[in-house]
Structures are given as C-alpha cells and as structure tokens.
Amino acid sequence: MPQRSIDAFKVLSDYEYAATLTNEEWLSLSGNPEYHTLIADDPSLAEELIARFGMLVPGFSAALAAAASVPLTGFGPTVNRLAGRGGGSAAPSNAEFSIVGTSVPRTHGFGVVTGVGRYSENQTLPNMLFMKTLGSPYPHARIRSIDTSKAEALPGVHYILHRFNLPEGYQDVSLGSGPPFRYLFNEELIQVGAPVAVVAADSDHIGDEAIRQIQVDYEVLPAVVDFMEGTRPSTPKQWDNRLDGTILTIASPFVRGDVERGFAEADIVIENVTSMSTIQHAALELTTDLTWWSTEGARPQLTQIGPKRHAHGARSAIAQALKVDQSQVRVITPGYLGMSFGSFRDTDLPEIHSALLSWLTGRPIRFMSTRSEDMVTRTHRTQTRNESKIGVKRDGSITAFFTKKYGNAGAYRGGGGTGNSLGLAELYTIPNLRQENIDVFTNMYRYGSYRCTTHPNDTLAREPLIERAAYAINMNPLDFRLRNLSEVGNPETRRPFSNPGIRDTITQTAAAIGWREKWHAPKTREVRPGVFHGIGMACHECNHGAGGAPSTGSVVINADGTLTVVSGAAEVGPGERTVMAMIAAETLGIPMNRTRISPDVDSDFTADTGVTAGSRQTLSGGWGIHLAALDARAQLLDWGARKFVDDARVAGQTIQVSADQLDVRDGLVSFKDDPERRLPIAQVIAFASNPIIGRGAHIHPPTWERVAFATHAAEVEVDTVTGTISVTKYVAAHDVGRALNRMATEQQIEGGVIVGLGLALTEQLLVDGATGIPINDNILDYKVPTIKDVPEKIDVIMVENAKEYGVFGAHGIGEPPAALGFSVMVNAVYNAVGVWVEDMPLTREKVLNALKGR
Amino acid sequence: MKTFELHDATTVQQAVTLLGQLGPTAKVLGGGSDLISGVMKDWIQGKGMPLPSALVDITTIPQMTTIQVSGSGARIGAAATLTSIIEHQEIRRGWPLLVDATESVASPLIRNFGTLGGNINQRPRCWFLRGEKFDCYKKGGDFCFAVTGDNRYHAIIGGELCYIVHPSDTATALVALSAKTKIAGPQGEREVAFDEYFIGPRTDVLRENILQQNELMTEVSLPPLASNTKTAWIKLKDRQVYDFALVSVAAVVTSENGVWRDGRIVLGGVSPVPYRAKVVEDALQGKDIRANITAAAGAIRSVARPMSANSYKVDIAQGLIERAVLQALA
Ligand SMILES: Cc1cc2nc3c(=O)[nH]c(=O)nc-3n(C[C@H](O)[C@H](O)[C@H](O)COP(=O)(O)OP(=O)(O)OC[C@H]3O[C@@H](n4cnc5c(N)ncnc54)[C@H](O)[C@@H]3O)c2cc1C
Ligand code: SF4
C-alpha cells in the first residue's frame, strides 16, 4: 500500500476513517503535532477514540485502561457531594499548607512589569538577516508565475524563496491535514496572506520594500467567504469533496432519549439562533522567532527561539517539516512573552520558512510578524452559528434540548469551533438531547483555540435559551437553573464529578450581586432618561483545566539545600512557572526564596509535559513536578535517616531510624515526633555526596469527570439613545478545586472576565464581503477593550471544592473565566431593554436596530 | 517602510522652500503619528496618493510650537502638541470645548507626539483607505468599497463618491469655536476661517482640505467666546482610549433666559467634513431651547442619507445633539 499522510483531524472526528488506519499509521500519529494539539485542547476527543480503538491510539495506556475498567461506584444524585464542601475527606484545609493557598508574586514578575526580561524580540545574533513574507492578496487564487528579478536587485536582499525554487524534497511538505493542503508554498493560494514568497534581507525595511518588488501573475479563483454559503450544494467545491460545497465534516449526532417526544411533552418550546464573530488573540507581542543552524558535531543542528506555548511540540513540528530528526532540533521558549491565549503561536509556515532561509543563507534569521500577519494568517476563534431549541414544562422542568451548530473552520482542514457541549450533557437534567455539528471550510480566517475552544460557544448556545425558557414560564432564571441542576457526572459514561462546586458558584454569585433584590421584569428600571438597568447570569461547564499526559517534571536538591525545579511547562502569561515552583517547594518543605525555576523552557534540558493549553498545565506539569518532588523527598528522607544513624555512630551511639519517621519542613529534616532533632538539608546532601534528583511522570486515571464549573452575573446599564452597554457590576465565581496561588488565580479570573467582555461587546474580525479581504486587521479597528472600558470592580469568588484528581485538590482555571461574558451580556441586555440580541458582539448598532425593530 | 529623506526646517520660510524644492512627493511632518506610523508604515498609496519620498519636519521650527493668549483670543502654533494645549491653563479657562475635544483624542502617548496641525490635517480612517489592498477613489482608483461593503462607520451626511468621515476631533471643535488658521506658501501667508478650510469629495476626492502640497499650516487662532455663551463636547466611541468619534457633537450656545440667540452645533464622525448642523441651529433660533431641543435635534434626519449599515448613526446623532445642547445649558 502506498504511504499516505494521516489526517489527524479526520482520525478524531471520523471513526470510519480511523478504522482504515494500519498499525504503522497509528504509530505515526504519535509523532503528529496536530494530533497532540487537538487532544490537548479537548481531551475527550482522545477518550472517544480510545474507547473505540483501544491500545492502537497514541495516549492509550494499560494503566488507564485498567482504571477505566473498574466499575464506577458512587455515581448517583447525592453520594458524590462530599461532606463539608471545600473540605471533603481528601481535602486538607489551606491551613495545612505553608505555600499552597497563599499569594506568591510571579517569580519573574519584575522582568515583566519593567520590560527588562529577555523577550524573543530582545534576542539577537551577529549577522542575522530579517525575513519578510509576501502574502496572497486574494482569498483564493492560483500563481501563474513569479518574477523576483527586481526584488533581487535591491541592495541588501540576500535570498528569495518561493514555490518554484524550494530545495529538493520540500515540495510535498504540508502543515496540518488536507485536502486542501497547506504546503510550504502553495501554487493554489487558499487564504489572504498565504505565503507566496519569503525574502531574507539586511533589515525589515529592505525586506518590506523587496516583497513589493516581486511580480506575481495570479489567476483569481472563486472564494467562499460566507461560511453558511459553504454549506450549499451549489457552492463550487475546492477539492474532491463528498459533502456539499465546502463542508468538511458532519459529525455523528449526539443522541440521548428522543427529542421529538421531549418537545411534544413540553408546555412551551422556544428556539433561538446565537452566533459568534471571528475573534483574535491580539497578543501585544507580535510573533517573533530567531532561528539558526549550527554545524558543530556530525549533523546540522537547528535552534529556534520564540514565544511558543510548547517547546517540545514545536520541536516535533519543525523536525517533521524539515525532515530531520527531533534530536537535531532545539526549541527555546522565553518565559517572557506577550501572552498566548491559544494556538496562534503554534508552529506555522513562517517558522519553517525561517529554518529553510537560515540553511540557504547560512545566517541566523529573525522573523517578526506584522500586526496584520498575526491577525490574519494565524489562528482565530472563528464564526459559529447555533440553532437551538428547548422544551420546558410550566413546573420548570426541561423536557428536551436540541442544537445544530455550524462552525467556520477557515482555510484549513480541521474543526470549526463546534462540538458536543458537555454543559448540555451534564450541567442540567435534560432527558432528551440531540446535538448536531457541521464544520465548513472557507477561504478565511483559520480556526484555533482562543482562551478555550468550543466551550464559550457551547455556553452561548445554551444559557440565553435557558434564560428565555425561565422568562417564558415566569420563573426567576436563578430558580430555573437551581431546579434543573445536575450534580452527578456524565450520564453517558457514568463518570462522577469530584466534589462539584457548581451549586456553590450559583448561590454565591446570586448572593454577591444581590440577584433576588435586583432582578426585575424586562425593561422596567429606567435609571436615567433613556438608560435602563438590567441583570443577567450564566453558568458554564467545560472539560478544560483537567490535565492529562504528558505530565512530567523533575527537581534537583542542590548541595546548599536549595531547590531547582525543571519543568517543560511553558509560561504563557498566567504564572505557570511560579505554580510549578510552589508545588515543588510545598511538597519538599523548602521555602520559596530558596527555590528556583528558570523562566524559559529549553527542549534540550527538559522533558515534554505537553502544551500549555486546555488550562491543563497546573495539573499536567503540576502533577509531574509534584511526583518528582515526592520522589526527591523520599530520597532526602532516606539519606536523612542514614545521616542521623551515622551522626549517632560518630557520637558512639547505635540508633535505628527509617525515612518514615522523618519529615521535612522549612528546609530542615526532622523527626516527626521530635522536631527539635533536625538537620539542615544541605548537611544531608553533603552526606549523600550527590545532589538529589527527583523525577515524576503521572498517568491521569479516567476515574472522574474532570470539569470546570463557573457562574457569572452582571448588572448593566443600557443607553437606548447610543446603544452603549455599561457594565456596572460583575461577579465571577469559579470552582477552582483549590487556589494554589491565590493571587494568580484571582487575576486569571479577573483577566478572563475582561477578555470575555471585550469579546462580547466590541471585538470582531471582519472581512469585506465582496473581496474577502480583511478590513480591521489592526488593533485600532479591532476593538480590544482598554483599562478604561472595563468594570471598575470585578468580584471574584473562588469556590474551593478540592478535587480527588487535582494536585493538592486543584482544578485548572486558564480558559473558563473568558467563556461566560457572551451569555451574561445577552441575558443582562434582555433584562434591561427587553430585546434579545444574540449575535456576537453586542455592538451598539445591533442593540439600536433591535430596539427599533430594524 | 519605504526609504525616505528627512529634513529639519528651522523657519517657516525654509520649510516652504524645501517643500517647493523637494517636489510633489514631499510632505510636512508633525509628530508623525499618522504620517509615518500610519500611512507610510502601512504602505497606503495609489495613483492619487503617492508615498512621500521626503519629509520636512516642522516641529523643529520654534515659533510653531508656542501658545499665546491675549484679550483678542488665542494663537496656537500648528506644531504645538495636543498635550501642550490640554495643559495650558489659559486655554483651559477660555476654551474648555477645545480642551475637552483634544483630551478625547487617541491616548496620552499619541497626544504627547501629535501636533495640532497634524491632527487637523491627518488622513481619514476609512478602513478601505487604510487597507493596502483596496485601491479606492481617494487613492486615485475608480471604486468606493464602502458603498458595497461594511459601512457601519461611514458618512451619513454629505457623502458622494467617497463616504469618509472627517477623523479630527480638534477640527470639529475649531469649527464650532469659529476659529481661523494661517497658511504659509510660496506666495506668503494667508488667513482662512475653518468654515472654508475643509472640502468634501465633490470638490476634490483626493484631499480633505484646501491646503496645497507646497503649503503648510502655521497657526490656529481662536476668538474669545461671546458673553452668555456656554459650550459642550460629547464624543461617542466604542472604546474609551484609542478610538475615533463614532459621532461627536461640539455645541456653542449663546442664550438669554434659555432662549437661543446664537451658536453653533458641529458634528464629527458623520460627514467628510466637520459638519455644521445648520438645520438644528435654525430650528432653535429665537426659541426656548429646553422646550424645543427634542424637535430641533430631530431636524438632523432631514439632511441625513445613511448608507446600508449605518442608519443607527442617525439615531445617535439626533440623541447626542440633544444631550450636548442640554449639557451646555446645564
Ligand atoms: C491609535 C490612534 C488613535 C487615534 N485616535 C484619534 C482620535 O480619537 N481623534 C483624533 O482626532 N485623532 C486620533 N488619532 C489621530 C492622531 O491624533 C493624529 O495621528 C495626530 O494628531 C497627528 O498629529 P501628528 O503631529 O503626529 O501628525 P503627522 O502624522 O506628522 O501628520 C499628519 C498629516 O498632517 C500633515 N501635517 C502635519 N502638520 C501639518 C502642518 N502644520 N501643516 C500642514 N500639514 C500638516 C502631514 O503632512 C500629514 O499628512 C489617532 C491616531 C492613532 C494612531
Ligand atoms: S469611503 Fe472614500 S476612502 Fe473609503 S473606500 Fe470609499 S472612496 Fe475610499
């Protein structure tokens, strides 16, 4: 059989296709970076695959399977709500920790707030050249010819690389899945900004002039700009597609019960259409890489420094694209970076172009995106359209829920932001449920994660409709939610929640915002002429923050008793590195001021602990470090015991001491029953002759339904003259399991709320409908809120229902805080002015048009 | 960015001479916050909008950065920064409208760089104009993308061929304040009222004002406010920092016992020029303002010709005119 390239996305979404894979092909998947990114973002994808294909699936482990085969106990309506919420059996109180649960300032905060930290942009090498990309001006076109002679004649231009002079062997290299394929340079360009040629020049400015001197003859082809248009049979196909138009996938529907029967049983059936615009991370730091080859030793070695969220993933992606061994690639991610917020920094074409140009010119290559390149050619959370329907009885019960979601995948073969909503499956009791998902290719912005993948859209497809249903039966939306809350776990897999805090997030949010006093009938509280008060709420559940493999770490206890923490967990902004250090220090009883972790991750010096995505690193890298610290602790206590024995021997005594009699706290090894008998760690290490090296690798058993819970509520004032929505109060409650770093957790939630509000109110990346060309690919016209636009006070509530599966009970918090803003705003605006505006963002023209019935 | 020559002028005369010598692709440089970090960085060019090959810096001309206030009004050098206007105590006392409008521009960072002349003469922000790939009328092309495309921020009054809105907040305030400007050129200096300064696309689609390539604006003069005159500034924007006016209103109201005697209502963000709402002023003439403002503000609808996606701006303009006039009275 001829070798074919394996479509990771298809394996995860189309089980018929997966069934055709050979053993070798399954094996090749384990080295496929796209596969790992997809399952890091949504671990449930791999679980489904494992359920069907067992040990063939990368990530399958015998230990996991054994754990999964144990019949679940404790699945039921009450048993799992551990007694004494926030302090269940497995949950020691914060008082028992010395570092965990306190507020620890960022280990590298000084470099961040002063800018003296070494960012990618600060990294230079003598002799480096600058790379500039000539991108396609059209969403869909074919290159007839390229003439680079004028550009080459410009002084300071060193090399121009394009489709027709690619070195031998690289013509067939593509990133991600296909068709349509994304080759290093396509002849058929499928997106505005798709690379036509790259230039290596003495400066950015020379490169900038040079790309405009390259003459390209394009044949313009019909493009799909509107994703709903892509679903029509009449839309021209862009590859040999069995489905209509440019539809990529129609997923097998999720079916529970019988929705038709459920709707028939309902007293009231309500439908809505919610939709999302394309949004982009707009990280302040532009994507910047420095890439060079060195030829010491027998084989050429490539190094790339850049603001990545996964050094080891980048290493494997680069190695694969360049057709070299992973041992020939070294990737360094500086811990100083202008944020990640999702996948847009994962290895893409410029990172590979830089490597090739560096090889061809023999010089280091520095690449820095323009703002427009960052906003157009990398990933986004793209448009979705959700057609939803709920059936309710007057007594407040839900009889059925149906959603059909369309997602715009953009110019690549992959997901488009749809998926089965976990929140629908397990947040409320819904006996009849059906979910359908359709992803569509367009010659547009590509999909990827942005502070969560599909979950914010899941919540948007559910929560406004929940609220509509409550209004329809004259029930307070708060009571409606509490009445229908399901706190058991997943009804399909029968995996239980661990100590779920969803009810607490709802009741505490309601109390903090004064829901009972402030909620009123729609458009009944005019606070100033033309300005109305409103209040709205939303609940959220998603499987982010759960962690998963790879999950590794190591620690070193040095000769002076200090601790070095070695983790492959990339810092992307929220303080991952600080939390790794805290976990190690807590476990080892060594104070934070004697603990060190480097800001950067170097793939040469660390083991892979997966991508910093899916809010997973606190549990993934965290478990690895925790186990490494436990390993080191056991060795330390063992040497401690020997040292006590030896000290006694020198003093002419004979005693027997074993490790389990000892403890380590505040840098001292001591007897549990006699803390005054103690030794500084340094003395133990001196006695051991070697530093202690601890290592950890964790397998996350599938015992629990590991999910994040949250409830947000807001009060708004809506100005019916200007359409302005002002948020006057915002409350965000999250079940965080345990807040390991109190301050960082709180900031993460606050920051998420701000992001969520920006996305809900002003941010949307647009294109000109006629030409498919972006029109606001800059941060002036793409309106990210400023500090003057955010609510003065955001009340953060951390519900700490410690989780059985968490490091010290924690559950990850990265993405969820940004997921509720959409729904909270829709609901609050309805309460204020009595119109449902459910197309994101809630711009003033939409609000005013709805009020005018336009 | 394209390579360019930079010349520091030290006198107005020298600047004019340089502009003449360097030819049609030479341009006056203020703080550069629009010209360099906007137009040139983004390669905004076309047949009718060549990228500058030479820049003549006028912030190096000492007399052009000063501000003087006397009984007969204020004189502000065109190269004075926006921040220096905001911080000038006598300007703050005498012309709070200009100060409020200036303070609503962009951000402190840009106001520290941006000059008054640069703010008044900055190029429009139409997102098609600012996109390298759209060759529209204003760049010398033969199409207006706003007519068929997303025109939510475009003109609702006075568009024709081109539907930009004038971007400058200070310009809106200066028209309301009956200000004038001095222009220096090869023939010497002339004074022009801002009423005559801005031109619409019907007059010349390639320009927003009467300034010729070899001329520069040297100063702006403000007459003192008449007695019984109060002012107000409202600027609606989607974001409180770094955002242009969706609709702005500069109101100058001279009244007696609540009756409109004289004044100006000027709108920003609605038209290719700062738009004087004469229809509204006329509807108020000689009338009790509070009793008649709602109906008078509604008169703006009679001149508005919204595009496919911006009729909401008409509602907003009407609402804000009313609010601004009432705010001036308060
Ligand atoms: C993110 C952002 C947000 C902004 N928001 C606003 C806003 O809300 N409101 C607003 O009004 N503006 C806004 N601006 C525009 C900003 O205020 C202008 O860029 C600035 O005022 C221009 O001043 P400058 O001195 O830097 O002009 P320059 O960039 O130097 O020049 C601008 C133009 O004016 C010409 N010019 C300059 N001085 C003279 C002169 N003396 N005589 C003749 N021609 C001259 C130049 O040739 C050039 O064409 C914003 C700009 C940015 C980048
Ligand atoms: S409105 Fe004016 S500047 Fe904008 S596209 Fe049309 S012609 Fe060009």
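Quick note: structure is the one above.
Residues numbered from 1 in each chain as written. Chains lettered and ligands numbered in written order. Predicted model: local features only at pLDDT ≥ 70, side-chain atom pairs only at ≥ 80, totals over all residues. Heavy atoms only, no water.

A count of helical and extended segments in chain A gives 24 helices and 31 strands. A globule of 854 residues ought to have a C-alpha radius of gyration of about 29 Å, and chain A, at 28 Å, matches this closely. Taken over the C-alpha atoms alone, chain A extends approximately 95 × 75 × 60 Å along its principal axes. A total of 854 residues make up chain A; the buried ones form 63% of that total. (Helix = DSSP H or I, 4+ residues; strand = E, 2+ residues; numbered from the N terminus. Rg over C-alpha atoms; globule rule 2.2 N^0.38 Å. Buried < 20%, exposed > 50% of the residue type's maximum accessible area, 1.4 Å probe, protein only.)

Each partner contributes to the interface: chain A provides 38 residues, whereas chain B provides 32 residues. Overall, the association of chain A and chain B removes approximately 3000 Å² of surface from exposure, summing both partners, and the carbon and sulfur fraction of that is 56%. The interface formed by chain A and chain B includes eight salt bridges. At the level of elements, α9 (204–211) and α24 (844–851) of chain A are the ones that each hand at least two residues to the side of chain A that touches chain B. A class-by-class count of the residues in the side of chain A that touches chain B yields 15 nonpolar, 10 polar and 13 charged. (Contact = heavy atoms within 4.5 Å. Buried area = accessible area lost by both parts, 1.4 Å probe. Salt bridge = Lys/Arg side-chain N within 4 Å of Asp/Glu carboxyl O. Nonpolar A, V, L, I, M, F, W, Y, C, P; charged D, E, K, R; others polar.)

Turning next to the sheet that holds strand β2 (residues 141–147) of chain A. Taken in spatial order, the three strands line up as β4-β2-β6 (chain A) in an open sheet, and their pairing is antiparallel. At either end of the open sheet lies a strand with only one pairing partner, and these are β4 (188–189) and β6 (215–220) of chain A. (Pairing = 2+ DSSP bridges.)

A word on the site of ligand 1. Surrounding ligand 1, one finds 35 residues, the nearest of these being V28, G31, G32, S33 and T115 of chain B. Chains contributing residues near ligand 1 are chains A and B. Bound to the protein, ligand 1 loses 95% of the 960 Å² it would expose on its own. Looking at the shell around ligand 1, the elements with two or more residues in it are β2 (26–29), α7 (116–121) and β8 (216–222) of chain B. Here the element with the most residues in the shell around ligand 1 is α7 of chain B; it accounts for four residues. Grouping the amino acids of the shell around ligand 1 by side-chain chemistry returns 16 nonpolar, 13 polar and six charged. (Near = heavy atom within 4 Å. Areas by Shrake-Rupley, 256 points an atom, 1.4 Å probe, with all protein chains shown as cover.)

A word on unusual backbone geometry. Residue and element names in this part refer to chain A. With an omega of -5°, the peptide bond between G178 and P179 qualifies as cis. In this structure, P179 sits in the loop between β3 (157–162) and β4. In this structure, the amide linkage connecting A549 to the following residue, P550, adopts the cis form with an omega of -5°. Topologically, P550 is positioned in the loop between β20 (531–542) and β21 (552–557). One non-glycine residue, A282, lies in the positive phi region at around 50°. Examined against the element boundaries, A282 turns out to sit in the loop between β9 (268–276) and β10 (288–294).

Time to look at the sheet that holds strand β7 (residues 188–193) of chain B. Residue and element names in this part refer to chain B. As summarised here, the arrangement of the five strands in space is β4-β5-β8-β6-β7, forming an open sheet in which the pairing is antiparallel. Edge positions in the open sheet fall to β4 (67–70) and β7, since each of these has one partner strand only. Mean inter-strand twist for the sheet, computed between neighbouring axes without regard to direction, equals 20°. Both strand β6 (residues 180–185) and β8 contribute to a ladder of five bridges, which runs antiparallel. Note on β8: the bridge partner recorded for K182 is E219. Strands in contact with helix α1 (residues 12–22) are β6 and β8; relative to β8, the strand with the most contacts, it is inclined by about 140°. (Axes fitted to C-alpha atoms, helices over the stretch in contact; angles between N-to-C directions.)

Turning our attention to the site of ligand 2. Residues and elements named next belong to chain B. Taken together, 13 residues lie around ligand 2, and C126, C136, C144, C162 and Y163 are the ones closest in. More than half of the atoms belonging to ligand 2 lie within 2 Å of the grid points that define the second largest cavity. Of the residues belonging to the shell around ligand 2, the class tally is 11 nonpolar, one polar and one charged. (1 Å grid on protein atoms, 1.4 Å probe; cavity = no way out; pocket = protein on both sides within 12 Å on 5 of 7 lines; lining within 4 Å. Sits in = over half its atoms within 2 Å of the grid points.)

This next bit is on empty space enclosed by the protein. Residue and element names in this part refer to chain B. Per the counting criterion, the structure on display carries five cavities of 30 Å³ or more. Approximately 350 Å³ is the volume found for the largest cavity. As for the largest cavity, its lining consists of 25 residues, and the residues nearest its centre are R125, Y153, V165, F244 and A245. Grouping the constituent residues of the lining of the largest cavity by class yields 11 nonpolar, seven polar and seven charged. Taken as a whole, the second largest cavity encloses approximately 90 Å³ of empty space. If you trace the second largest cavity, you find 15 residues lining it, with C126, C136, K138, C144 and C162 closest to the centre. (Points joined across faces, edges and corners; volume = space filled by probe spheres on them.)

Here we come to the packing of aromatic side chains. All names here are of chain B. Applying the stated criterion across every chain, the model contains 23 aromatic pairs over all chains. On the basis of an interplanar angle of 85° and a centroid distance of 5.1 Å, the ring pair of F128 and F134 is categorised as edge-to-face. In this pair, the class of F128 matches that of F134, namely buried. Between F134 and F145, the ring centres sit 4.9 Å apart and the planes meet at 70°, which makes this aromatic pair edge-to-face. Placement of F134 in the loop between α7 and α8 (145–148) and of F145 in helix α8 is noted, with a sequence separation of 11 residues between them. (Phe/Tyr/Trp six-rings, centres within 6.5 Å; stacked < 30°, edge-to-face > 60°.)

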